[in-house]
Amino acid sequence: MTNILDSVDSRTRLVGENRLELLMFYLGSTQPFAINVFKVREVIKVPKLNQMPGSHPNIRGVAMIRGKSIPVIDLRQSIGMGSIGMSDECNVIVTEYNRTIQAFLVGQVINIKNMGWDEIMEPPSSSGRNNYLTAITRQDFDGQTRLVEIVDVEKVLAEIVAYEVGVSEDVLDPQLTPYMTGQRVLVVDDSSTARAQVSETLSQFGVECIIKKNGAEALNLLKSWCDEGKNVSDEILLMITDAEMPEMDGYKLTHEVRSDSRMSDLYIALNTSLSGSFNEAMVEKVGCNQFISKFQPDLLVNVVQERLRQVVAS
């Protein structure tokens, strides 16, 4: 099974080209699901799971994987479908999100599919499982076109380990705090949990967040301001964008902004659960001003203060 991810490193070149690759799998049913390969470290057969008394009910157990104790989360149960039944087809997907390593118990792993973000769509507005999806796409399986549901892993994780939006006192600059009230920030993210994290953190200081669910929506808003003759930097203090989003990713969004002379000086921070030196290199390549690894309220507020410090000084 690990052969399916042997070339993950080479796949990182897709980021920044508005493309991605999805790892597709089943959860004990005929409905295919997926997550982005870029967040996957490896896929293995189910190792021995040690029970943790008092742990969250969605944690199936803890496994020793490459010398590390890693929680294994029942992904089927986490998205409201009931616990997955153990079988020979089950696998564990080891991932890295928000600077932590965790694994997800899934059923049969299908394949990896290369596609453009423009092939990824928002899930329909409805209740139930769709609350745990960031997007959907359509793919051919055995000659039939079927819906693939892309899981909002950040929401799954936030329900297991509650996020905190408190900011350390020593982070706040008392000279800047009065200037934060009334500032507007454009927040672009396909995860409802990630949007809430940023909004709840900044709203404590009177900062208003304008929310968009993907890069295309954000770019349309920015262009509409420009078409109206508005200075984008007068409308918002900065833009905080995720990297991975349907229709247009954060790298492509940044490239489009930088390529338009009417808004090329907009201050942009990339806020993503994709960590590592690769992201830092991509930030420099496409022209972001800052990189924030999710979810760190102190760093988030620091970036806002740094930008505000520039504005106040000018």
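The protein chain carries the name Chemotaxis protein CheV in an unreviewed UniProt entry, which gives Salinivibrio kushneri as its organism.

(A) Summary view of helix 3 (residues 153-160). With 7 of 8 residues buried, helix 3 is to be regarded as a mostly interior element. Among the residues of helix 3, Val153, Glu154, Lys155, Val156, Leu157, Ala158 and Ile160 are the ones counted as buried.

(B) Structural detail: the UniProt feature "modified residue: 4-aspartylphosphate" (unreviewed entry) in the protein chain. Per the UniProt record, "modified residue: 4-aspartylphosphate" (unreviewed entry) is found at Asp242. Tracing the backbone shows Asp242 in the loop between strand 13 (238-241) and helix 8 (250-259). Other than its neighbours up to four places away in sequence, Asp242 contacts Val188, Asp189, Asp190, Gly250, Leu270, Asn271, Thr272 and Lys294.

(C) Summary view of the sheet that holds strand 13. One open sheet holds the 5 strands; their spatial order is 12-11-13-14-15, and the pairing between them is parallel. Two strands bound the open sheet, and with one partner strand each, they are strand 12 (208-212) and strand 15 (290-293). Recorded for the sheet is a direction-independent mean angle of 25 degrees between the axes of neighbouring strands. Here strand 14 (residues 268-272) runs beside strand 15; their pairing, made up of 4 bridges, is parallel. Of the residues in strand 15, the one forming a bridge with Leu270 is Phe291. Helix-sheet contacts for helix 6 (residues 215-227) involve strand 11 (184-188), strand 12 and strand 13, and the interaxial angle to strand 11 is about 145 degrees.

Rules used in this analysis
Residues numbered from 1 in each chain as written. Predicted model: local features only at pLDDT ≥ 70, side-chain atom pairs only at ≥ 80, totals over all residues. Heavy atoms only, no water. Buried < 20%, exposed > 50% of the residue type's maximum accessible area, 1.4 Å probe, protein only. Helix = DSSP H or I, 4+ residues; strand = E, 2+ residues; numbered from the N terminus. UniProt positions renumbered as here; feature names shortened; annotations may be inferred. Contact = heavy atoms within 4.5 Å. Pairing = 2+ DSSP bridges. Axes fitted to C-alpha atoms, helices over the stretch in contact; angles between N-to-C directions.

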